[in-house]
Amino acid sequence: MMSPELRASLPSTEELPCSDDTPVDNEDQNFLPNLLLFMLTSIWADRMDWFFAVDMALYHTTGTNPRIPVVPDAFLSLGVERKKGGKSRRSYATWEENDTVPIMALEMVSHKPGGEYTDKMAIYTNLGILYYVLYNPEFYRRDRHEPFEVYKLVNGSYQLQNGEPFWMSEIGLGIGRSQQVIGGIDQEILCWYNAQGSAYPTPDEIQTQLESERQRLEQLEQYLRSLGIDPDNLPHT
């Protein structure tokens, strides 16, 4: 438990940098985490007790200096406000979130290795992040790993988990890869899954479903009119 003296000495997120200003290595490092965020806003639209960050500074007290953040490509926290005090966060400091540590961190392995399997794994271990997801579709052979890996913190160390999609019972979601058409481009993405192993729809799929429903409704209205029935003045039952 943090002492009141230490807590009082910690800086506010208002005065801390919101990131480490390190440019992304490729477009997927922003696109895929943001896609997970957009999907989550639909899946958990009625929940206000979670926060999913993309490329945001995560400040904590388990390192050498609380002013030095770690910046995952994405992380998920549960039991915190969607909008802290009704406002958007500039960064995430555990001491301003009732000491709530993210339950999941995601790293997209870069062309230039960024310590995803070493330094960052050690930081997330010390932080106590339960799940660490690594996505490495291009350089996994170089790194002698698999393209997609999920690690779970067990007795103080990360253990590689089996299965894809992998069900994270403490979160109530699965995560894995999926081949989808996004913006007209057929590509592999990261996706959330339900307990039955079915992928949740992407924003593109939701839009396609809505468009299909609209077309069916228009066809029904045209059919009713062909029968001499005004669909805008149907009798009430």
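Preceding block: the structure.
As the structure is a prediction and not an experimental result, all values here were calculated from the model. (Residues numbered from 1 in each chain as written. Predicted model: local features only at pLDDT ≥ 70, side-chain atom pairs only at ≥ 80, totals over all residues. Heavy atoms only, no water.)

Peer 1: Looking at this model, I keep getting lost on the overall build of the protein. Mind explaining?
Peer 2: Assigned secondary structure in the protein consists of five helices and 11 strands. C-alpha extents for the protein along the principal axes are approximately 75 × 45 × 35 Å. Looking at the 237 residues of the protein, the share that counts as buried comes to 41%. Long-range pairs, those at least 24 residues apart, make up 59% of the contacts in the protein between residues at least 6 apart in sequence. Of the side-chain charges in the protein, 19 are positive and 35 negative, and the distance between the mean point of each set is 3 Å. (Helix = DSSP H or I, 4+ residues; strand = E, 2+ residues; numbered from the N terminus. Buried < 20%, exposed > 50% of the residue type's maximum accessible area, 1.4 Å probe, protein only. Contact = heavy atoms within 4.5 Å. Lys, Arg positive; Asp, Glu negative; His and termini not counted. Charge placed at Lys NZ, Arg CZ, Asp CG, Glu CD.)

Peer 1: How should the pairing of strand 1 (residues 50-54) be read in this particular structure?
Peer 2: Side chains on a regular strand alternate between the two faces of the sheet. Among the five residues of strand 1, five are classified as buried, and the element is accordingly described as predominantly covered. Across the two faces of strand 1 the burial is the same, with Trp50, Phe52 and Val54 and Phe51 and Ala53 all buried. Here five bridges tie strand 1 to strand 3 (residues 74-78), and the two strands are oriented antiparallel to one another. In the sheet register, Phe52 faces strand 3, and the bridge partner there is Leu76. (Pairing = 2+ DSSP bridges.)

Peer 1: Please explain the packing of aromatic side chains as it appears in this structure.
Peer 2: What describes a pair of aromatic rings is the distance from one ring centre to the other and the angle between the planes of the rings. The tally for this structure, following the rule as stated, stands at nine aromatic pairs. Note on Phe52 and Trp192: the rings are 6.1 Å apart at their centroids and 80 degrees apart in plane angle, and the pair reads as edge-to-face. Residue Phe52 is located in strand 1, and its partner Trp192 is located in strand 11 (residues 185-193); the two are separated by 140 residues in the primary sequence. For Phe52, a relative accessible area of 4% corresponds to the buried category. For Trp192, a relative accessible area of 0% puts it in the buried group. (Phe/Tyr/Trp six-rings, centres within 6.5 Å; stacked < 30°, edge-to-face > 60°.)

Peer 1: Please explain the pairing of strand 7 (residues 148-154) as it appears in this structure.
Peer 2: Most of strand 7 sits out of view: five of its seven residues are buried. Where strand 7 hands over to strand 8 (residues 157-160), the hairpin turn is made up of two residues, of which Asn155 adopts a positive phi near 50 degrees.

Peer 1: Explain the pattern of salt bridges to me, please; I cannot follow it from the model alone.
Peer 2: Pairing between side chains of opposite charge can happen when their charged atoms approach one another. Using the criterion set out here, one finds six salt bridges in the structure. Of the charged contacts, one joins Arg142 and Asp143 as a salt bridge, the two residues approaching to 2.8 Å between their closest N and O atoms. Taking the relative accessible area as the measure of exposure, Arg142 reaches 37% and is therefore partly exposed. Given the relative accessible area of 18%, Asp143 is considered buried. (Salt bridge = Lys/Arg side-chain N within 4 Å of Asp/Glu carboxyl O.)

Peer 1: What exactly am I supposed to notice about the sheet that holds strand 5 (residues 104-108) here?
Peer 2: Each strand in a sheet pairs with another by means of backbone hydrogen bonds, the pair being arranged parallel or else antiparallel. Here we have six strands laid out as an open sheet, ordered 1-3-5-6-7-8, and mixed in their pairing. Two strands lie at the open edges of the sheet, namely strand 1 and strand 8, each paired on one side alone. Within this sheet the neighbouring strands show an average axis-to-axis angle of 20 degrees, counted without direction. Running at roughly 165 degrees to strand 1, helix 2 (residues 28-43) makes contact with strand 1, strand 3, strand 5 and strand 6 (131-135) of the sheet. Sheet strands touched by helix 3 (residues 119-127): strand 5, strand 6, strand 7 and strand 8. Its angle to strand 6, the strand with the most contacts, is close to 160 degrees. (Axes fitted to C-alpha atoms, helices over the stretch in contact; angles between N-to-C directions.)

Peer 1: In this structure, what is going on with the nonpolar core? I would like to understand it.
Peer 2: Counting residues in each nonpolar core, the largest one holds 54 residues, and the members touching the most others are Phe52, Leu76, Met104, Ile171, Ile175 and Trp192. Of the residues forming this core, the biggest block, six residues, is contributed by helix 2. Dropping the residues within four chain positions of it, Phe52 is found in contact with Pro33, Leu36, Leu37, Leu40, Ala74, Phe75, Leu76, Met104 and Trp192. The next biggest cluster of nonpolar side chains, apart from the first, holds seven residues, and it includes Leu10, Tyr59, Ala93 and Trp95. (Core = buried A, V, L, I, M, F, W, Y, C linked by side-chain atoms within 4.5 Å.)

Peer 1: Quick question: what am I supposed to make of helix 2 here?
Peer 2: Three or four residues apart is the spacing at which side chains of an α-helix point the same way, because the helix has 3.6 residues per turn. End to end, helix 2 covers 22 Å across 16 residues, agreeing with the expected 22 Å (1.5 Å per residue, within 8%). Within the span of helix 2, buried status applies to Gln29, Leu32, Pro33, Leu35, Leu36, Leu37, Met39 and Leu40. (Expected span 1.5 Å × (residues − 1).)

Peer 1: Help me understand the side chain of Thr100 in this model?
Peer 2: When you line up the elements, Thr100 lands in the loop between strand 4 (92-93) and strand 5. By relative accessible area, Thr100 is classed as buried at 17%. Within the local environment of Thr100, its side chain forms a polar contact with the backbone oxygen of Glu97, the two atoms lying 2.7 Å apart. Setting aside anything within four residues of it in sequence, one finds Thr100 in contact with Leu78, Val80, Tyr92 and Thr94. (Polar contact = N/O pair within 3.5 Å; in protein donor to acceptor, adjacent residues only side chain to side chain.)

Peer 1: What is the right way to read helix 3 from this model?
Peer 2: Within the sequence span of helix 3, burial applies to Lys120, Met121, Tyr124 and Leu127. Across the axial projection of helix 3, the buried residues extend over an arc of 125 degrees, all falling on one side. Turned more than 90 degrees away from the buried face of helix 3 sit Asp119 and Asn126, all of them exposed. In this fold, the buried residues of helix 3 make contact with strand 2 (58-59), strand 5, strand 6, strand 7 and strand 8. Note on helix 3: the residue one or two positions beyond its end, Gly128, has a positive phi of about 85 degrees. (Arc of directions from axis to C-beta.)

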